[in-house]
Amino acid sequence: MAVPKTLTLPAIPIRDMVLFPGTRVPFVVGRSASVRTLQLAIKAGDHLLMLTQKDAKVETPGQDDLYDIGTLALVESVIALPKDYYKVGVKGVGRVTLRRYDDSGEVIQAEAYLLPEPSQQAGVPLQPFHQAVEAFLGRNSDASRLLSMDQIRELPLGKAIDTVAGLVPAEVKQKQEILEQLEIGPRREALMHLLELDAARSEVDRTLDEKTRQRLDQDHKHYVLSEKMRVIQKELGKKEEKDESTRLKDQIEAAGMSAEAKAKAVEELERLEAMPPQSAEATVSRTYLDWLLALPWKALAEERLDLMEAERVLDEDHSGLDKIKARILEHLAVMARLQSDPAGTGEGDDHAPLRGPILCLVGPPGVGKTSLARSIARALNRPFVRLSLGGVRDEAEIRGHRRTYIGSMPGRIISLMKKAKVRNPLMLLDEIDKMASDFRGDPSSALLEVLDPEQNTAFQDHYLDVGFDLSQVLFLATANVRHQIPEPLEDRLEVLELSGYTTKEKLAIAEKHLIPRALEGHGMRNLGIRFEPAALEKLVQSYTREAGVRQMEREIANILRKLARHTLQPERGEIFDPIITVDRVPKLLGPEKILETRAEDTAPPGMVNGLAWTPTGGDLLTIEAAVLPGKGLLKLTGKLGEVMQESANLALSYVRARAERLGLKRDFLDTVDLHVHVPEGGIPKDGPSAGITLATALISVLTGIPARADMAMTGELTLRGRILPIGGLKEKLLAAHRQGRKAVLIPSENARHLEEVPAEVREQLSIHLVSHMDEVIQLALTRMPEPLGPEGPEGPGASAPEAATPPASPGPARENPATQ
């Protein structure tokens, strides 16, 4: 066997083509490295190595991106093109196998072995090969112009195979397989397989062309006959038959429309028949009829009112929210009773509408309002459609545009009914508190008809101009802030408050829902990834501050993305470890994003912890007070609203009125100024519930007695020292628990709302019910101030209050009348 000859030549990587020995191919060179290599090849003797890329999209291929078998080529022509491109004509000389590829310099050099062409074996039958090639040339006119059977018969078998392979239309990978066959027999078999595929593809193309031609002939024949029939009928005086009109009439009859809608549809169809088909009015009428016919006038989803199944679905999709789930199940129970009681309001109708309140889920973002609606739809086996009302300010979004306008369309209510395809979907009115109004109308007023069971049996959309029955639709609404819902709209809703989750609930949600869903979404379900409870708790406390779990879901996804990279790039030194421990969380997510203000043993005088309600849940509000030399001025900073400023002035008046009882001189304010600051000054703050916190801060800084650092408080203060109830108690206590406070002071009148607070929070917090400011002073300060003179019985608080008032047993929760 001959020893392969070693070559060191310029090399050019080529894309989307394979060069065979003995064939000539033109191609364009444009990459700068390839242009320089071509110029070197021309100077060095016109020979170069042609190596096909595995992936044509790679711009700067290395040796791993090229096939090992290539072709030694002779440059026969070079034509300069605009923009430094060159058209090159080359001829294949022989096969080479690549040994080394060097593209580190100005030009590309390669070292390869020139492979000898094997000799043809005697006795090999050539007739099948010649027949297959002759058939190929017969069906491929382009190839037959370049090659004839006489030329094939004169060539040695190896060169004949290479010549034909260069002309067969096939993928680069298939042609490369033929180039890599060094023996004649396997090379011929590979080409024969390629010719068989080409024959099959040509047969499919021929069949499709024949069927297309027959279809065109049929269409032409039908058109000619139709035109002749139309002319004959016109000559005979007969009315031309309208197949389209007949079809539309049949659809109107079968649609099950109301009498009003059917009469309108028939009237519109008669108008359409009288119009020229090409007129713009005909298009408007046809679109209107299409909308009427597309609506579900009688189609109903097969509803499933199984309370056990509904409870299972709700528990499967959501952790916690027991009170909300119970109210939803009560709602479904009433619907089930209406269906099963033939003597009730349904009067035997299996789909009697529930003329009760429409549920509105109110809570901060990320607590599961929208997903609850999806779960209810799944439990009831009803289609789910969602109407996003955020930013909607045009009444036409709800009711549609009248048909007098060009391009008018129905409103989104009717559009969603068309999408649902049944009369009884579950329709979610999302972000109902985010609507606005302007000169174009008030969409919230348009929703009044939609949500009123007495009116929505014949909802009037401006575009349809006929009544459509929405009474079978189960409406649910969501909102973030209750007081932003328009009052007439709120009057038609039963509001269910969804407050934030406790840490324990968040951990359960992460374990049961967030982590499995994230593993599925990142393709990492089978890698054994596990989050330790301490790691999840670290994630909740140091990387998310929210009432819901959306940010937590994002942080879990962030960790999984990093682990996915560890599995694919271990050489970077990142060893994949499926167990997420508390120590690994900062390494994966970086420094802590939220530094919790944890309870300390002591706090400086003037610093007191308050509690605030926000649209995203409760929060801790630290209030700082300082005494400065001055003339009795009170300075307030921290972007405080008007009501909160009044609370600060009221607190100061209370302190001045009880100065001697607090160990202060009556003229203590003559020589000092007071500065009260609420940190995070860029965030607006308002409301009266910080009254006792402001008063405690002033008393603490003036007496020099620190307040308890592990205690937080909330309550509205009056001039006489009484403490009035506040709103948002659950959210505030959740915030105190989340921030690590041990004790809280709340107004006594809020005791009835304690049953809304999770038992876990009530057990871990020492909750004190207070009704007067004297009780707050005794509980909040580390020691009582010493009065300057004897105490007199002038008003509430003259006698020292008893020890901390124990929490009252919570009564039934009712709507909180206090300003939040």
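For clarity, every value in this text was computed on a predicted model and none was experimentally measured.

**Looking at the overall build of the chain**
Along the chain, the regular secondary structure elements total 26 helices and 24 strands. Compactness check: the chain gives a C-alpha radius of gyration of 42 Å against a globular reference of 28 Å for 820 residues, more than 25% above the reference. Projected onto its principal axes, the C-alpha coordinates of the chain cover approximately 130 × 90 × 50 Å. Looking at the 820 residues of the chain, the share that counts as buried comes to 45%. Sequence-distant contacts, at least 24 apart, represent 73% of the contacts inside the chain between residues at least 6 apart. When the 105 positive and 121 negative side-chain charges of the chain are each reduced to one mean point, those points stand 3 Å apart.

**Section: the sheet that holds strand E8 (residues 384-388)**
Taken in spatial order, the five strands make up an open sheet running E8-E9-E12-E7-E13, and their pairing is parallel. A strand with exactly one partner marks an edge of an open sheet, and here the two such strands are E8 and strand E13 (493-497). Taken pair by pair, the neighbouring strands of this sheet meet at an average axis angle of 25 degrees, ignoring direction. Sheet topology places strand E7 (residues 358-362) next to E13; five bridges connect them, and they run parallel. Paired with Cys360 across the two strands is Val495, which belongs to E13.

**Describing the side chain of Arg327**
Mapping Arg327 onto the fold places it in helix H12 (residues 322-340). By relative accessible area, which is 17% here, Arg327 ends up buried. At a separation of 2.5 Å, a polar atom in the side chain of Arg327 contacts the side chain of Glu494.

**A few points about the confidence of the model for the chain**
In this model, the chain carries a mean pLDDT of 83, and residues with pLDDT of at least 70 account for 90%. Contacts of residues 344-348 to residues separated by more than four positions or lying in other chains number five contacts, the stretch itself having pLDDT below 50. When the criterion is pLDDT under 50, residues 791-820 qualifies, and its contacts beyond four places in sequence or with other chains add up to 62 contacts.

**Points about the packing of helix H11 (residues 307-317) against helix H13 (residues 369-380)**
The geometry of H11 relative to H13 is characterised by a closest axis approach of 9 Å and an angle of 150 degrees between their N-to-C directions. Looking at the two axes, H11 sits roughly antiparallel to H13. Crossing hand, H11 versus H13: right-handed. On H13, the residues touching Ala310, Val313, Leu314, Glu316 and Asp317 of H11 are Leu372, Ser375, Ile376, Arg378 and Ala379. Among the residues forming the contact of H11 with H13, the class breakdown is six nonpolar, one polar and three charged.

**What about the packing of aromatic side chains?**
The description of an aromatic ring pair rests on the distance of the ring centres and on the angle between the ring planes. If you walk through the whole model with that rule in mind, you get two aromatic pairs. Pairing Trp297 with Phe468 gives two aromatic rings, centres 5.0 Å apart and planes at 65 degrees, and the pair type is edge-to-face. In this pair, Trp297 sits in the loop between helix H10 (280-294) and H11 while Phe468 sits in strand E11 (residues 467-468), placing the two residues 171 residues apart along the sequence. Looking at Trp297, the relative accessible area reads 9%, which means it is buried. The cationic tip of Arg403 hangs over the ring face of Tyr288; the distance from NZ or CZ to the ring centre is 3.8 Å. Directly above the ring of Trp291 sits Lys418, whose terminal nitrogen or CZ lies 4.2 Å from the centroid.

**What to know about the packing of helix H22 (residues 642-657) against helix H23 (residues 691-703)**
Here H22 crosses H23 at 45 degrees, and the two axes come no closer than 8 Å. Judged on the interaxial angle alone, H23 and H22 are oblique. In this structure, H22 meets H23 at a crossing whose hand is right-handed. Within the contact between the two elements, H22 uses Met644, Ser647, Ala648, Ala651, Leu652 and Val655 and H23 uses Gly691, Leu694, Ala695, Leu698, Ile699 and Leu702. Class assignment of the residues belonging to the contact of H22 with H23 gives a composition of 10 nonpolar, two polar and no charged.

**With respect to H22**
Taking 1.5 Å of rise per residue, the 16 residues of H22 would be expected to cover 22 Å, and the 23 Å separating its terminal C-alpha atoms lies within 8% of that figure. All of the buried residues in H22 are Met644, Ser647, Ala648, Ala651, Leu652, Tyr654 and Val655. Summarising the axial view, the buried residues of H22 lie within an arc of 160 degrees, below the 170-degree limit, and thus occupy one face. In H22, those exposed residues whose orientation departs by more than 90 degrees from the buried face are Glu642 and Ala657.

**Considering the pattern of salt bridges**
As a working rule, side chains carrying opposite charge can pair if their charged atoms are close by. Applying the stated rule across the entire model yields 44 salt bridges. With a closest N to O distance of 2.4 Å, Glu303 and Arg382 form a salt bridge. Here Glu303 is found in the loop between H10 and H11, whereas its partner Arg382 is found in the loop between H13 and E8, with 79 residues between them in sequence. Its relative accessible area of 9% is what places Arg382 among the buried residues. With its nearest N and O atoms 2.8 Å apart, the salt bridge here joins Arg386 to Asp430. With Arg386 in strand E8 and Asp430 in strand E9 (residues 426-430), the pair connects residues that are 44 residues apart, well separated along the chain. Taking the relative accessible area as the measure of exposure, Arg386 reaches 39% and is therefore partly exposed. Overlapping salt bridges bring together Glu309, Arg312, Glu316, Asp317 and Arg378 as one network.

**Details of the environment of Val676**
Turning to its location among the elements, Val676 is positioned in strand E19 (residues 672-677). Sequence-wise, Val676 and Val362 are 314 residues apart; in three dimensions their C-alpha atoms are separated by 34 Å.

**Section: helix H20 (residues 550-568)**
With 19 residues, H20 should reach 27 Å at 1.5 Å per residue; the first-to-last C-alpha distance of 28 Å fits that figure. Buried within H20 are the following residues: Met552, Glu555, Ile556, Ala557, Asn558, Ile559, Leu560, Leu563 and His566.

**Topic: a nonpolar patch on the surface**
A surface patch of nonpolar side chains, about 350 Å² in accessible area, is lined by Val28, Ile79, Leu81 and Tyr85. Its location among the elements puts Leu81 in strand E4 (residues 69-81). Taking relative accessible area as the criterion, Leu81 reaches 34% and is therefore assigned partly exposed.

**Examining the environment of Asp667**
You can see Asp667 is positioned in the loop between H22 and E19. Here the alpha-carbon distance between Asp667 and Arg656, two residues 11 residues apart in the chain, equals 8.7 Å.

**What about unusual backbone geometry?**
Of note, the phi angle at Asp84 is positive, near 65 degrees, even though the residue is not glycine. The exposure class assigned to Asp84 is exposed, which follows from its relative accessible area of 60%. In this model, Asn381 sits at a positive phi of 60 degrees, which is unusual for a non-glycine residue. In this fold, Asn381 is placed in the loop between H13 and E8.

**Brief notes about the pairing of strand E18 (residues 634-637)**
Here E18 pairs with E19 via four bridges, running parallel. For Leu634, the partnering residue across the bridge sits in E19 and is Leu674. Between the parallel elements E18 and E19, the chain passes through H22 in a crossover that is left-handed.

**Focus on the environment of His462**
As for its placement among the helices and strands, His462 is situated in the loop between strand E10 (459-460) and E11. Taking relative accessible area as the criterion, His462 reaches 21% and is therefore assigned partly exposed. As for His462 and Ala695, which are separated by 233 residues in sequence, their C-alpha atoms are 58 Å apart. Each residue touching His462, except ones within four places of it in the same chain, is listed here: Glu395, Arg399, Gly400, His401 and Arg402. Reaching out from His462, the side chain makes a polar contact with the backbone oxygen of Gly400 at a distance of 3.4 Å.

Conventions adopted
- Per chain, residues are indexed from 1 in the order of the written sequence.
- With the structure being a predicted model, the display of local features is reserved for residues of pLDDT at least 70 and the display and counting of side-chain atom pairs for 80 or more, all residues being used for whole-chain, interface and lining totals.
- Calculation of side-chain values draws on the structure's entire complement of heavy atoms; hydrogens and water are dropped beforehand.
- A run of H or I in DSSP becomes a helix once it reaches four residues, and a run of E becomes a strand once it reaches two; helices and strands are each numbered from the N terminus.
- We compute the radius of gyration over the C-alpha atoms and compare it with the globule rule, which gives 2.2 Å times the number of residues raised to the power 0.38.
- A simple rule labels every residue: compare its accessible area, found with a 1.4 Å probe on the protein chains alone, to the largest value its type can have, and call it buried under 20%, exposed over 50%, or partly exposed in between.
- Contact between two residues is taken to exist if any of their heavy atoms lie within 4.5 Å; hydrogens are not considered.
- For this count, His and the chain ends are skipped, Lys and Arg are scored as positive, and Asp and Glu as negative.
- By convention, charge coordinates are those of NZ in Lys, CZ in Arg, CG in Asp, or CD in Glu.
- Here, a strand pair is defined by DSSP locating no fewer than two bridges between the strands.
- What counts as an axis is a line fitted to C-alpha atoms, over the stretch in contact for a helix, and the angles between N-to-C directions run from 0 to 180 degrees.
- In protein, a polar contact means a hydrogen-donor-capable atom and an acceptor-capable atom, both N or O and within 3.5 Å, with residues adjacent in sequence counting only if both atoms are side-chain atoms; elsewhere, any N or O pair within 3.5 Å suffices.
- In predicted models, pLDDT denotes the confidence assigned by the predictor to each residue on a 0 to 100 scale.
- These descriptions rest on fixed angle ranges, namely under 35 degrees for roughly parallel, over 145 for roughly antiparallel, 65 to 115 for roughly perpendicular, and the rest for oblique.
- Each crossing is labelled by how the near helix is turned from the far one, with a counterclockwise turn of less than a right angle marking it left-handed and a clockwise turn marking it right-handed.
- In this classification, Asp, Glu, Lys and Arg are treated as charged, Ala, Val, Leu, Ile, Met, Phe, Trp, Tyr, Cys and Pro as nonpolar, and every other residue, Gly included, as polar.
- Geometry of aromatic contacts follows a simple scheme: Phe, Tyr and Trp rings, the Trp one being its six-membered ring, pair when their centres are within 6.5 Å, and the pair is stacked under 30 degrees between planes, edge-to-face over 60, tilted otherwise.
- We call a charge positioned above a ring when the Lys NZ or Arg CZ atom is no farther than 6 Å from the ring centre and deviates by at most 35 degrees from the ring normal.
- Given the number of residues in a helix, its expected span is that number minus one, multiplied by 1.5 Å.
- Directions from the helix axis toward the C-beta atoms define the arc.
- A pair is scored as a salt bridge if a Lys or Arg side-chain nitrogen falls within 4 Å of a carboxyl oxygen belonging to Asp or Glu.
- Like-charged residues are merged into a patch within 9 Å and nonpolar side chains (Val, Leu, Ile, Met, Phe, Trp, Tyr) within 5 Å, provided each residue has over 30% relative accessible area and no salt bridge.
- Each accessible area is a Shrake-Rupley result for a 1.4 Å probe, and residues are judged covered by the shown protein chains and nothing else.
- A clockwise course of the path from the first strand over the helix to the second, judged with the strands pointing away from the viewer, identifies a crossover as right-handed.

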